[in-house]
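Structural features, examined
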Amino acid sequence: MATKSAHHGDNYINFEKGLWSWLTTVDHKRIGLMYMISVMFFFFVGGVMALLLRLELFAPNATANVGQVLKNGDVYNQVLTYHGAIMVFMVIVPGIPAILGNFFLPLHLGAKDVAFPKINLLSWYCFMAGAALAILTFFFNKIDTGWTFYTPYSIRTGTATVLMVLGAFVMGMSSVLTGLNFIVTVHKLRAPGMTMHRMPLFVWALYSTAILQMLATPVLAITLLLLAAEKLFGVGIFDPALGGDPVLFQHFFWFYSHPAVYIMIIPAMGVVSELITTFSRKVIFGYTAIAYSSLGIAAVSFFVWGHHMFVSGQSETAGILFSFITMLVGVPTAIKMFNWVATLYKGSISFDSPMLFALGFLFLFAIGGVTGIMLATLPIDVHFHDTYFVVAHFHYVMVGGTLMALMGGFYYWFPKMFGKMFNENLARLSFVFIFIGFNVTFFPQFILGAMGMPRRYFDYIPAYETLNKVSTVGSWLILTGFLFGLYAIVQGIRKGPKASMNPWNSKTLEWQTSSPPPHDNFAVEPIVTAGPYEYR
Amino acid sequence: MSTDSTTHGGVRSAHVSHHFKTAEQEYDSGKQGIWLFMVTEILMFGAILVGYAIFHNIYPEMFAEGAKTLDWRMGFVNTLVLIFSSFTMAISISYVQRNEQKKAAIALATTILCGAIFMCIKYFEYSHKFHLGLYPGRFLDVAKVGAEHANLGMYFGFYYCMTGLHGLHVLIGMGLIAWLLIRTIRGDFHSQYWIPVEGVGIFWHIVDLIWIFLFPLLYLVG
Ligand code: HEM
Ligand SMILES: [Cu+2]
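Residues numbered from 1 in each chain as written. Chains lettered and ligands numbered in written order. Predicted model: local features only at pLDDT ≥ 70, side-chain atom pairs only at ≥ 80, totals over all residues. Heavy atoms only, no water.

1. Quick notes on the overall build of chain B
For the record, the criterion: In this text, helices come from DSSP runs of H or I with a minimum length of four residues, and strands from runs of E with a minimum of two, each type numbered from the N-terminal end. Buried means the residue's accessible area, taken with a 1.4 Å probe over protein chains only, is under 20% of the maximum for its type, while exposed means over 50%, and partly exposed covers the values in between. Any two residues having at least one pair of non-hydrogen atoms within 4.5 Å are treated as being in contact. All accessible areas in this document rest on Shrake-Rupley with a 1.4 Å probe, and a residue is counted as covered only by the protein chains that are shown. For this count, His and the chain ends are skipped, Lys and Arg are scored as positive, and Asp and Glu as negative. Where a charge lies is defined by one atom per residue type: Lys uses NZ, Arg uses CZ, Asp uses CG and Glu uses CD.
Secondary structure summary: chain B contains seven helices and zero strands in total. Along its sequence from the N terminus, chain B presents helices and strands in the succession α-α-α-α-α-α-α. Its C-alpha atoms put chain B at 70 × 30 × 25 Å along the principal axes. Taken across its 222 residues, chain B has 51% of its residues classed as buried. Pairs at least 24 residues apart make up 77% of the contacts formed inside chain B by residues separated by at least 6 positions. As displayed, chain B has an accessible area near 9,900 Å², and 68% of this comes from carbon and sulfur atoms. Between the centroid of the 14 positive side chains of chain B and the centroid of its 15 negative side chains there is a distance of 6 Å.

This is how it looks when you write it as structure tokens:
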């Protein structure tokens, strides 16, 4: 048993030395950091592409100099595809579970590690291998299908669909393995006294997400394999020329990808629950309701995929049903919203940077969610489908929701992860730029969409010019914000003052161990005697 | 499974990984993990079965035409081979639990052999089909085959995808069992520790079970 650890360093970072010790580690905290570095790198790549896309859209192509950054529509389509695929499969989906979840789930439960540490490491390698495959295509045979790989275009276009799709498949493996690990850890490795109803809400969120990952990802896996087979062997399942059905592809794809949007957002909701209760110094309002509404969202999310296909030629009855069921997602989501607001009410709120991100989340996610309901309304969607309105909607939920929560959670747990404090003013500055920049970028897109500007086009009529200019300028503000954030993080890690064990006076278990935690998480196994948020 | 870690009958005691408290906890976790993974396997095959069901419904005659070209005797022999291999897999676990490593090794080797027989028969089936021009989808040689239905290739699209994916799982399973075999001969498994054997066993049974669905759907229905 724990024999060697006594002779090693006093925390997980200096426990062993050298790159090799990191690449072979089975410590969930180190794996979390490895995910962090990889995801940040992919975010950077995807971000540069986003800036290029926005730059291209700064002016219509008829305008000399600007407006022709990307040579032509083909290049635009390729950059758009990589931007989408990278951001979805390599940043937002793995983001919170793989970084913060890996790092904190065992700490939250009072466990020494996740149930299967080696599989945890394997999932990181799967992630990297899948990402490598996907990025490889960029260097010899670019793909231009959009991140949804719709047939029959994806089987006709002479690009690297097969490789890309295999990359996504392997990353899916990684996602399944992480989910599996989390479920078993929650079931089997809780410390004495840690009942399911004493688990922090972040853990509940990760648990619901893990169930989604397990149930939805296999369907994407087979869809991608069939797509690859279609491309290589022309099997005919999705190809109308061979009697197949391209709409079936959409059904399969969205059967995963709608739940996937909740794989992206439920962990974010978990993070926000932690932040709100900590920084308003109040017991969270409606713990059970928040916990179970995660499961509720997860359940409903399997029955609404058809709202992406209102104009695909599916039957009218199906459209009406999907429209109705989609509205139901609003119920558990609203439960969460109201509980957060009720927690804030009469709380003694402190506006530390993590809290700013949490409040930013509430604001942006509310807009994203409400526009989601608008899109779920069948007749409205017929009008808005494939316009910038949809683009704005999903950026509000994915970026405004998930990314905000990821940043907030990251600042919140930063002292625990690195044992240092970051510069609070820099972090706040970063928030201000990201928040304002975000709204400047994406709010005009709602209007553009309502005016009829289609998505995925690399040029537009002059009527759309002003709003596009505003939107592009917004993207520069976001960039500035992230640069401030990066600086705050790097400076914090290098020169930050030493963090105490529990700088925010939080009540959950991870704050009961030293910062950064030792290799085995807790010097003595904690025994839990109360709920996670005993503030008053 | 016993939770004490003393030596039983001269065999090594249970090894408990450092993040578990008891061997029982480790065993339960491992088992739950494997079953969850199996759920994903079943869902993956489930989706392709849904696709099959949909198109079978749209083109019943075409699927019947395709099914006629398959030799149900080969499929049937393969079904028997796999069921037998599931049996040998299962007894290997009980031998390990009773510290009869030698018998366990023989049972495992037999399981691998069955897998190999299965794949050989598949190989003959495939090569025979290729010989007749029965390729999937767009590669189907409609003239040579004399197909009645223009899209007959889709049937073979399903046939090759479903049996191909299943065959891949058989190969993976054989690899895993070979790994078990080596470890069994090395003496890693005994009455206090057999999780990997049971885990791979569950995988093998599921692969088996999936074939039991594929066989009637492809060879018999229609
Ligand atoms: C909670 C997190 C959410 C995320 C991450 C998300 C993400 C997305 C994404 C990525 C798309 C575009 C898909 C594409 O590329 O075509 C989309 C479209 C859509 N979303 Fe959401 N969404 C979320 C919540 C919601 C909610 C709560 C609703 C409704 C209650 C909703 C309704 C829709 C509809 C109807 C569309 C289809 C619009 C169209 O293509 O015409 N979404 N969403
Ligand atoms: Cu959706």
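That covers the picture; the talk isn't over yet.
2. Comments concerning the UniProt feature "transmembrane region" (unreviewed entry) in chain B
All names here are of chain B. Inclusion rule: UniProt positions are given in the numbering used here, feature names are shortened, and annotations may be inferred rather than shown by experiment.
Here, the residues flagged by UniProt with the feature "transmembrane region" (unreviewed entry) are residues 34-55, 75-93, 105-124, 157-182 and 202-221. Structurally, residues 157-182 comprises 100% helix and 0% strand, and the distance from its first C-alpha atom to its last is 37 Å. Helix makes up 95% of residues 202-221 and strand 0%, with an end-to-end C-alpha separation of 28 Å.

3. A word on the site of ligand 1
Residue and element names in this part refer to chain A. Rule in force here: By convention in this text, a residue qualifies as near a molecule or strand provided that one of its non-hydrogen atoms is within 4 Å of it. Side-chain atoms alone can form a polar contact between residues adjacent in sequence; in general such a contact is a pair of N or O atoms within 3.5 Å, and within protein one must be able to donate a hydrogen while the other accepts it. The residue classification treats Ala, Val, Leu, Ile, Met, Phe, Trp, Tyr, Cys and Pro as nonpolar and Asp, Glu, Lys and Arg as charged. All others, Gly included, are polar.
Around ligand 1 there are 21 residues in total, and Asp381, His385, His393, Phe394 and Arg455 lie nearest to it. Here an oxygen atom of ligand 1 and a side-chain polar atom of histidine 385 are 2.7 Å apart. Contact between ligand 1 and arginine 455: an oxygen atom at 2.8 Å from a side-chain N or O atom of the residue. Secondary structure elements with two or more residues in the shell around ligand 1: helix H8 (246-279), helix H11 (353-376) and helix H13 (388-418). Here the residues of the shell around ligand 1 sort into 13 nonpolar, six polar and two charged.

4. Looking at unusual backbone geometry
Residue and element names in this part refer to chain A. Cis rather than trans, the peptide bond between threonine 151 and proline 152 has omega equal to -5°. In this structure, proline 152 sits in the loop between helix H4 (117-140) and helix H5 (153-156). A cis amide bond links serine 515 to the next residue, proline 516, at an omega of -15°. Topologically, proline 516 is positioned in the segment after helix H15 (465-495). The phi torsion at arginine 281 lies on the positive side, around 50°, for a residue other than glycine. Turning to its location among the elements, arginine 281 is positioned in the loop between H8 and helix H9 (287-300). For lysine 346, which is not glycine, the phi dihedral falls at a positive 60°. Structurally, the position occupied by lysine 346 is in the loop between helix H10 (316-344) and H11. For lysine 346, a relative accessible area of 66% gives the class exposed.

5. Some details on the packing of H8(A) against H10(A)
Geometrically, a packed helix pair is captured by the angle between its two axes and the distance between the axes. Residues and elements named next belong to chain A. Worth spelling out the cut-off: Convention adopted: a line fitted to C-alpha atoms gives each axis, helices being fitted over their contacting stretch, and angles between N-to-C directions are expressed from 0 to 180 degrees. Should an angle fall under 35 degrees it is taken as roughly parallel, and over 145 as roughly antiparallel, whereas 65 to 115 is taken as roughly perpendicular and any remaining angle as oblique. The sense of a crossing depends on the near helix, which, turned anticlockwise from the far helix by less than a right angle, makes the crossing left-handed and, turned clockwise, makes it right-handed.
Where H8 meets H10, the axes come as close as 10 Å, and the angle between the chain directions of the two elements is 15°. What the angle tells us is that H8 and H10 run roughly parallel. Here the hand of the crossing between H8 and H10 comes out left-handed. Every residue of H10 that contacts H8 at Tyr262, Met269, Val272, Ser273, Ile276 and Thr277 is listed here: Val329, Thr333, Lys336, Trp340, Thr343 and Leu344. Broken down by class, the residue content of the contact of H8 with H10 amounts to seven nonpolar, four polar and one charged.

6. A look at the pattern of salt bridges
Residue and element names in this part refer to chain B. Worth spelling out the cut-off: Here a salt bridge means any side-chain nitrogen of Lys or Arg lying within 4 Å of a carboxyl oxygen belonging to Asp or Glu.
Overall, the coordinates contain 13 salt bridges over all chains when judged by the stated rule. Between glutamate 125 and lysine 122 there is a salt bridge, with the nearest N and O atoms lying 3.5 Å from each other. With a gap of three residues between them, glutamate 125 and lysine 122 both fall in helix H4 (residues 101-132), about one helical turn apart. The burial state of glutamate 125 is the same as that of lysine 122; both residues are buried. Arginine 186 is the partner of aspartate 188 in a salt bridge, and the nearest nitrogen-oxygen pair spans 2.7 Å. On the basis of relative accessibility, which here comes to 15%, the residue aspartate 188 falls in the buried class. Taken together, the shared-partner salt bridges connect Arg98, Glu100 and Lys103 into one network.

7. As for the coordination of the iron atom of ligand 1
Put simply, the rule reads: In this listing, donors mean N, O and S atoms no farther than 2.8 Å from the metal, or 3.2 Å for Na, K and Ca; water is missing from the atoms, so a site can look incomplete.
Only one protein atom coordinates the iron atom of ligand 1: His393(A) (NE2), located 2.2 Å from the metal. Here the iron atom of ligand 1 and the copper ion (ligand 2) are spaced 4.5 Å apart.

8. Quick word on the interface of chain B and chain A
In this assembly, 35 residues from chain B lie in contact with 41 residues from chain A. For the interface between chain B and chain A, the tally reads one salt bridge. Close ionic contact of Glu525(A) with Lys21(B) constitutes a salt bridge, the shortest N to O distance being 2.9 Å. Between chain B and chain A we count nine residue pairs in polar contact (both at pLDDT 80 or more) in total. For the side of chain B that touches chain A, the secondary structure elements donating two or more residues are helix H1 (23-58) and helix H6 (152-186) of chain B.

9. A word on the coordination of the copper ion (ligand 2)
Here the copper ion (ligand 2) is held by the protein donor atoms His258(A) (ND1), His307(A) (NE2) and His308(A) (NE2), which lie 1.8 to 2.0 Å from it. Linear spacing of the donor residues for the copper ion (ligand 2) on their chain is H-x48-H-H.

10. Structural notes on the nonpolar core
All names here are of chain A. As a reminder of what qualifies: Nine residue types can take part in a nonpolar core, namely buried Ala, Val, Leu, Ile, Met, Phe, Trp, Tyr and Cys, and a core is a set of them joined through side-chain atoms within 4.5 Å.
Phe89, Phe149, Trp340, Phe361 and Met417 are the most contacted members of the largest nonpolar core, which totals 241 residues. In terms of residue count, the dominant contributor to this core is helix H3 (residues 73-109) (22 residues). Ignoring any residue separated from it by four or fewer positions in sequence, one finds phenylalanine 89 in contact with Pro94, Phe127, Trp147, Phe149, Met171, Leu220 and Tyr256.

11. Side note on the environment of Pro415(A)
Residue and element names in this part refer to chain A. Within the element layout of this structure, proline 415 appears in helix H13. Look at proline 415 and you get buried, because its relative accessible area is 0%. For the pair proline 415 and methionine 501, spaced 86 residues apart in the sequence, the C-alpha separation amounts to 8.2 Å. Once you skip the residues sitting within four places of it in the chain, proline 415 turns out to touch Lys420, Met421, Ala499, Pro503, Trp504 and Ser515.

12. Concerning the packing of aromatic side chains
Our working rule: When two rings of Phe, Tyr or Trp (its six-membered ring) have centres within 6.5 Å they constitute a pair, described as stacked for plane angles under 30 degrees, edge-to-face for angles over 60, and tilted for the intermediate range. Either the NZ atom of lysine or the CZ atom of arginine qualifies as a charge over a ring when it sits within 6 Å of the ring centre and within 35 degrees of the ring normal.
Counted under the stated rule, the structure contains 75 aromatic pairs over all chains. For the ring pair Phe63(B) and Phe158(B), a centre distance of 6.1 Å and an interplane angle of 50° mean the geometry is tilted. Taken together, the residues Phe63(B) in helix H2 (residues 60-69) and Phe158(B) in helix H6 connect sequence positions 95 residues apart. Owing to a relative accessible area of 1%, Phe63(B) belongs among the buried residues under this scheme. For Arg30(A), the ring lying beneath its charged end belongs to Trp22(A), and the centroid distance is 4.0 Å. Just above the ring of Phe58(A) sits the side chain of Lys469(A); from NZ or CZ to the centre is 4.7 Å.

13. Concerning the confidence of the model for chain A
All names here are of chain A. Let me state the cut-off plainly: Scored from 0 to 100, pLDDT records how confident the predictor is in each individual residue.
Residue-level pLDDT values for chain A average 93, and 97% of them are 70 or greater. Across chain A, the element-wise mean pLDDT spans from 89 in H5 up to 97 in helix H14 (residues 424-451). Ignoring residues within four places in sequence, the model shows residues 1-6, a span with pLDDT below 50, making four contacts including any to other chains.

14. Details of a nonpolar patch on the surface
Residues and elements named next belong to chain A. Our working definition: Surface patches are drawn from residues lacking salt bridges whose relative accessible area is over 30%; two like charges belong together within 9 Å, two nonpolar side chains (Val, Leu, Ile, Met, Phe, Trp, Tyr) within 5 Å.
A cluster of nonpolar residues, Met40, Leu479, Leu483, Leu486 and Val490, forms a patch on the protein surface that exposes about 390 Å² of accessible area. No other element matches the four residues that H15 contributes to the nonpolar patch. Relative to the assigned elements, methionine 40 resides in helix H2 (residues 28-56).

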